[in-house]
Amino acid sequence: MVSFQELGLVNTKELFRKAYDGGYAVPAFNFVFTEQLQAIIDACIELQSPVIIQASAHTCENMGIEYVRHLVSASMERVAAKNSPIQVALNLDHGLRFEDCKRCIENGFSSVMIDGSAKEFSENIAISRQVVELAHPHHVCVEGELGILSGKEGEVSHSESKYTDPKAVKEFVEASGVDSLAISIGSCHGVVKIVADEDGNFPPLRFDILKEIEESLPGFPIVLHGSSCIYPEYVEMINRHGGHLTAAQGIPEEQVKRAAESAVCKINVASDGWIAATAAARKALWENPETIDPRTFLKASRAEMTRLYIRKIQQVMGSAGKC
Ligand SMILES: [Zn+2]
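Residues numbered from 1 in each chain as written. Predicted model: local features only at pLDDT ≥ 70, side-chain atom pairs only at ≥ 80, totals over all residues. Heavy atoms only, no water.

The next subject is the overall build of the protein. Check the secondary structure of the protein and you find twelve helices and ten strands. For 323 residues, the compact-globule formula gives about 20 Å, and the C-alpha radius of gyration of the protein, at 19 Å, lands near that figure. Along the three orthogonal principal directions, the C-alpha set of the protein runs to about 60 × 55 × 35 Å. Sequence separation of at least 24 residues holds for 77% of the intrachain contacts in the protein that already meet a minimum separation of 6. Accessible surface, the protein: about 13900 Å² in total, of which carbon and sulfur atoms supply 51%. If you average the places of the 31 positive and of the 43 negative side-chain charges in the protein, the two averages end up 5 Å apart. (Helix = DSSP H or I, 4+ residues; strand = E, 2+ residues; numbered from the N terminus. Rg over C-alpha atoms; globule rule 2.2 N^0.38 Å. Contact = heavy atoms within 4.5 Å. Areas by Shrake-Rupley, 256 points an atom, 1.4 Å probe, with all protein chains shown as cover. Lys, Arg positive; Asp, Glu negative; His and termini not counted. Charge placed at Lys NZ, Arg CZ, Asp CG, Glu CD.)

Below, the structure is given as structure tokens:
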């Protein structure tokens, strides 16, 4: 067992309390390769932003959980070497099984998400409760989910979304004991975040549902998944350099920003990081067709992701200088 305190990490309790009171959101950035984690840390050091680093169960499996732990530990050495005051949490994104959460808690994660959203209400409460009982004695925080986001992300895939029922959240939170709650108000996983209605218009996030949830859980931190903006400039960069990305549609920045100013204390960003990395890599390879050096695209990807995360913190999260 390696505790998160040994790695220099914090749990999300204090981060969320300050974000709730301060009207901003803590960025939760997913990483799937080393340069992405470096870009996240560089951006957060530069802007003095707290951050939640996220690895999915899929990433832990692909990369090897020991690598995840050591890369995050190395990131904390980087933070210390730069004399940076930023606080960093490490969260398991979309743990589907109790065992996923257990393994992460044993490997220095300071937070775990148990995603029981596809289960019956009572089963979701039961599995979330089970994880809470394991996590809390180690001061590890637990994120639950109620409602379903459509789209695909790793092992998580749903064709239809189901909005969170605002009348059910209080009972869920009280019975499960979770520390934060992911809700579904119209965002999606993957690169198609909003589906056009019959008239071809993109409906906005359901802020009316968010408001009802806030009212029934005053002071409680809410989490928004599937909140990438899918910037058109990256889609164009991909398509201009040999890619083929159609129908990509993100959530407009101003809507995510509005959510950040509410009870939403954590906003997940996975796709925007991937798309920036892939756009920069495609461009670098396109412009250097003779290269065999992976650093050509890795360096370009890292630099582009750093710019992306800086933009997110400044224009969407409002978390710069909040550590
Ligand atoms: Zn998610």
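The next thing to look at is the environment of S227. On the secondary structure map, S227 appears in the loop between β9 (222-224) and α9 (232-240). A sequence separation of 44 residues divides S227 from S271, and the C-alpha atoms of the two residues are 8.6 Å apart. Once residues within four sequence positions are removed from consideration, S227 is found in contact with S187, K193, I251, V256, I267 and N268. In this structure the side chain of S227 is engaged in a polar contact, spanning 3.0 Å, whose partner is the backbone oxygen of H225. (Polar contact = N/O pair within 3.5 Å; in protein donor to acceptor, adjacent residues only side chain to side chain.)

In summary, the side chains of a regular strand alternate between the two faces of the sheet. The element strand β1 (residues 26-30) is extensively covered by neighbouring structure, given that five of its five residues are classed as buried. Where burial is concerned, the two faces of β1 agree: the one with V26, A28 and N30 and the one with P27 and F29 are both buried. Pairing of β1 with strand β10 (residues 264-269), which is carried by four bridges, proceeds in the parallel orientation. Its bridge partner being in β10, A28 is matched across the sheet by N268. As paired strands, β1 and strand β2 (residues 51-56) are joined by three bridges and run parallel to one another. The residue bridging A28 from the neighbouring strand is I52, located in β2. (Buried < 20%, exposed > 50% of the residue type's maximum accessible area, 1.4 Å probe, protein only. Pairing = 2+ DSSP bridges.)

Each angle at a metal carrying four tetrahedral donors should ideally be 109.5 degrees, and each at a metal carrying six octahedral donors should ideally be 90 or 180 degrees. Distances from the zinc ion to its protein donors, namely H94 (NE2), H189 (NE2) and H225 (ND1), fall within the range 2.0 to 2.1 Å. All donors of the zinc ion come from a single chain, and their spacing in sequence reads H-x94-H-x35-H. Of this pair, H189 sits in the loop between β8 (180-183) and α8 (207-216) while H225 sits in the loop between β9 and α9; the two residues are 36 residues apart in sequence, bridging distant segments of the chain. The same class applies to H189 and to H225, which are both buried. (Donors = N, O, S within 2.8 Å, 3.2 Å for Na, K, Ca; no water.)

This brings us to the packing of helix α10 (residues 253-260) against helix α12 (residues 295-317). Between α10 and α12, the least distance of the axes is 8 Å, while the angle of their chain directions is 65 degrees. The angle between α10 and α12 falls in the class roughly perpendicular. For the pair α10 and α12, the contacting residues are E253, V256, K257 and A260 in the first and R311, Q315, V316 and M317 in the second. Counted by class, the contact of α10 with α12 contains four nonpolar, one polar and three charged residues. (Axes fitted to C-alpha atoms, helices over the stretch in contact; angles between N-to-C directions. Parallel < 35°, antiparallel > 145°, perpendicular 65-115°, else oblique. Nonpolar A, V, L, I, M, F, W, Y, C, P; charged D, E, K, R; others polar.)

Further remarks concern the side chain of E253. Following the sequence through the fold, E253 ends up in helix α10. Within the local environment of E253, its side chain forms a polar contact with the side chain of R311, the two groups lying 3.0 Å apart. Each residue touching E253, except ones within four places of it in the same chain, is listed here: C229, Y231, R311, Q315 and V316.

By the secondary structure assignment, S75 is in helix α4 (residues 65-81). The buried category is assigned to S75, whose relative accessible area is 8%. As a C-alpha pair, S75 and D179 span 104 residues in sequence and 25 Å in three-dimensional space. Setting aside chain neighbours within four positions, we find S75 in contact with L37 and I41.

Moving on, we get to the nonpolar core. Of all hydrophobic cores here, the largest spans 89 residues; its most connected members are F31, F109, V112 and I222. Element by element, the count of residues in this core is highest for helix α2 (residues 34-47), at eight residues. Excluding its chain neighbours within four sequence positions, the residues that come into contact with F31 are Q36, L37, I40, I53, Q54, A55, T59, M63, V68, L71 and V72. Formed by nine residues, the second largest nonpolar core is a distinct cluster that contains L15, Y24, A28 and A89. (Core = buried A, V, L, I, M, F, W, Y, C linked by side-chain atoms within 4.5 Å.)

Here eight strands make up a closed barrel; going around it, the order is β1-β2-β3-β4-β5-β8-β9-β10 and the pairing parallel. With direction set aside, neighbouring strand axes in the sheet form an average angle of 25 degrees. Sitting on the sheet, helix α1 (residues 13-22) is in contact with β1, β2, β3 (88-95), β5 (141-146), β8 and β10, with an inclination near 110 degrees to β10. Contacting β4 (111-114) and β5, helix α6 (residues 121-135) crosses the sheet at an angle of about 175 degrees to β5.

Overall, the coordinates contain 19 salt bridges when judged by the stated rule. Where D21 meets R17, a salt bridge forms, and the shortest distance between an N and an O atom there is 3.3 Å. With D21 and R17 both in helix α1 and four residues apart, this pair spans about one turn of that helix. E133 serves as the salt-bridge partner of R129, at 3.1 Å between the closest nitrogen and oxygen. Of the two residues, R129 and E133 are both situated in helix α6; the distance of four residues between them amounts to about one turn of the helix. The structure contains a network of salt bridges with shared partners spanning E14, R17 and D21. (Salt bridge = Lys/Arg side-chain N within 4 Å of Asp/Glu carboxyl O.)

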